[in-house]
2 protein chains.
Amino acid sequence: MSTLAIPETLSVILERKSVRTYTGQPVGEEHIKWILQAAMAAPAAVHKFPWKFIVIRDSEMLHYLAGGLPFAKMLAEAGTAIVVCVVPQEAFAGKTELAVIAGACASQNILLAAEALGLGAVWTALYPDPELMQFVRTELDIPDTVIPLNIIPVGYPSGKDKATAKYDAANIHWEEW
Amino acid sequence: MSTLAIPETLSVILERKSVRTYTGQPVGEEHIKWILQAAMAAPAAVHKFPWKFIVIRDSEMLHYLAGGLPFAKMLAEAGTAIVVCVVPQEAFAGKTELAVIAGACASQNILLAAEALGLGAVWTALYPDPELMQFVRTELDIPDTVIPLNIIPVGYPSGKDKATAKYDAANIHWEEW
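Our subject in this report is the structure included herewith. Fair warning: this is a prediction, and the values are worked out from it, not measured in the lab.

Right, let's get into the pattern of salt bridges. All names here are of chain A. Scanning all chains against the criterion turns up six salt bridges over all chains. Across the pair Glu 90 and Lys 52 runs a salt bridge, and its minimum N-O distance is 3.3 Å. Of the two residues, Glu 90 is situated in the loop between β2 (80-86) and α5 (96-116) and Lys 52 in strand β1 (residues 51-56); the sequence distance between them amounts to 38 residues. You can call Glu 90 partly exposed: its relative accessible area is 35%.

This is how it looks when you write it as structure tokens:
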């Protein structure tokens, strides 16, 4: 029996779901700003922050990107998209691995902040697929030295998408492997 | 002026800090289990979950690991450590990049869950440093096919460590790069 009152944050972490269907209601700019604040509150090695965020709200562009990205067909319906980019040269020791890790942590904060605000979001991957990265680079004028990690649609959830149980005690080792 | 009431989760995300000094008070097993639940609630590409978690509470081992890891000297003081590992073969398409990203998202959930529970934690990196990874692999019997991503001390914070302001509007691009 649990004796621990579960903080709201834990509930949000556990209930967060990948949202792929949206109502179409536009997301307010204030919400987007909170989400970006959350993104930049992530950790990064030696406080070298290699992340950049492209916010896209133009309907024509969202439709165009959706047309070229097989796993991001819902971009236009969501109404807002955030492309999380990382610049390896700006990471500690110029390491791509550390840039990607910082970008992943920032992305996870985006997903959680959206959930906390009653919005929905989902990580649709660009990296490490060379073709998907190049398509987005070309369309959004992203330099070749920058890695577009993912494109995250953000919108009001339809309610159809549910969290799935992913806990597996077999993934836990005690004291050693 | 903000018209938006900030959810607790957003406050936790924004106030989360890297905790490097601890009181020494032991962390209860229930807290560790919530933290591991949070870890496994992270997203992973195509629902292929490549993560494993080694929980270390043995004082002798924590001292030993602290001795070999220059950025993890506080392990013994924290009292608990979680080594986040990923198995590339278990990630979608066997891709190391996707394994590392999933492990990073799980790690970020660990850091946030600790903060939400009134505990402190900090990402001390092993990957991509070959020597640090090998030291931990050897000591904890981790197979060569597994990447030990980081070692995260978890304990009660001394109160000395504070969140730092990392928001920078220059990292945001609107509509295109």
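Now that the structure is up, let's keep going.
So, about the packing of helix α1 (residues 8-15) of chain A against α5 of chain A. Residue and element names in this part refer to chain A. Taken N-terminus to C-terminus, the directions of α1 and α5 make an angle of 110 degrees; their axes are 9 Å apart at the nearest point. Classified by the interaxial angle, the pair formed by α1 and α5 is roughly perpendicular. Residues Val 12, Ile 13 and Glu 15 of α1 form the contact with α5, whose participating residues are Leu 112, Glu 115 and Ala 116. By residue class, the composition of the contact of α1 with α5 is four nonpolar, no polar and two charged.

Turning our eyes to something else, we now look at the environment of Ile 147 of chain A. Here Ile 147 of chain A shows up in strand β5 (residues 147-155). If sequence neighbours within four positions are ignored, Ile 147 of chain A has contacts with Val 84, Cys 85, Val 86, Pro 88, Thr 96, Val 100, Tyr 127, Met 133 and Arg 137 of chain A.

On the side of chain B, 68 residues touch chain A, which itself brings 69 residues to the contact. When chain A packs against chain B, close to 6,600 Å² is buried across both sides, 69% of that on carbon and sulfur atoms. For chain A, the biggest contributors to the area lost against chain B are Lys 166, Glu 175 and Trp 177 of chain A; these three give 12% of the whole. Connecting chain A to chain B are zero salt bridges. At the boundary of chain A with chain B, the tally comes to 27 residue pairs in polar contact (both at pLDDT 80 or more). Sort the elements by how many residues they give to the side of chain A that touches chain B and α5 of chain A lands first, with 12 residues. Each residue belonging to the side of chain A that touches chain B can be placed in one class, and the counts come to 45 nonpolar, 11 polar and 13 charged. In this structure, β1 of chain A lies alongside strand β6 (residues 172-174) of chain B, joined through three bridges in parallel fashion. Note on β6 of chain B: the bridge partner recorded for Val 55 of chain A is Trp 174 of chain B.

Its 12 residues place the ends of helix α2 (residues 29-40) of chain B 17 Å apart at the C-alpha level, agreeing with the 16 Å of an ideal helix rising 1.5 Å per residue. Considered for burial, the residues of α2 of chain B that qualify are His 31, Ile 32, Trp 34, Ile 35, Leu 36, Ala 38, Ala 39 and Met 40 of chain B. Lining the buried residues of α2 of chain B we find α1 and β6 (172-174) of chain A together with β1 (51-56), β2 (80-86), α5 (96-116) and β5 (147-155) of chain B.

Right, let's talk about the relation of the copies chain A and chain B for a bit. When chain A is brought onto chain B, the operation consists of a screw motion whose angular component is 180 degrees and whose axial shift is 0.0 Å, with 0.0 Å RMSD remaining. One copy is carried onto the other by what is essentially a two-fold rotation axis. Taking the C-alpha atom as reference, chain A places Thr 9 of chain A closest to the rotation axis, 2.3 Å from it. Comparing contact sets, 99% of the residues at the interface of chain A also lie at the interface in chain B, consistent with an isologous, same-surface contact.

Across residues other than glycine, the phi torsion is negative in most instances, and most of the peptide bonds are trans. Residues and elements named next belong to chain A. For the bond running from Tyr 127 to Pro 128, omega is 5 degrees, close enough to zero to count as cis. The topology assignment puts Pro 128 in the loop between β4 (124-125) and α6 (130-140). One non-glycine residue with positive phi stands out, namely His 47, at about 55 degrees. Its place among the elements puts His 47 in the loop between α2 (29-39) and β1. Its identity is not glycine, yet Ala 93 carries a phi of approximately 60 degrees, on the positive side. Relative to the helices and strands, Ala 93 resides in the loop between β2 and α5. In this structure Ala 93 comes out as exposed when scored by relative accessible area, which is 58%.

Conventions used here
- Residues numbered from 1 in each chain as written.
- Chains lettered and ligands numbered in written order.
- Predicted model: local features only at pLDDT ≥ 70, side-chain atom pairs only at ≥ 80, totals over all residues.
- Heavy atoms only, no water.
- Salt bridge = Lys/Arg side-chain N within 4 Å of Asp/Glu carboxyl O.
- Helix = DSSP H or I, 4+ residues; strand = E, 2+ residues; numbered from the N terminus.
- Buried < 20%, exposed > 50% of the residue type's maximum accessible area, 1.4 Å probe, protein only.
- Axes fitted to C-alpha atoms, helices over the stretch in contact; angles between N-to-C directions.
- Parallel < 35°, antiparallel > 145°, perpendicular 65-115°, else oblique.
- Contact = heavy atoms within 4.5 Å.
- Nonpolar A, V, L, I, M, F, W, Y, C, P; charged D, E, K, R; others polar.
- Buried area = accessible area lost by both parts, 1.4 Å probe.
- Polar contact = N/O pair within 3.5 Å; in protein donor to acceptor, adjacent residues only side chain to side chain.
- Pairing = 2+ DSSP bridges.
- Expected span 1.5 Å × (residues − 1).
- Least-squares fit on C-alpha atoms with pLDDT ≥ 70 in both.

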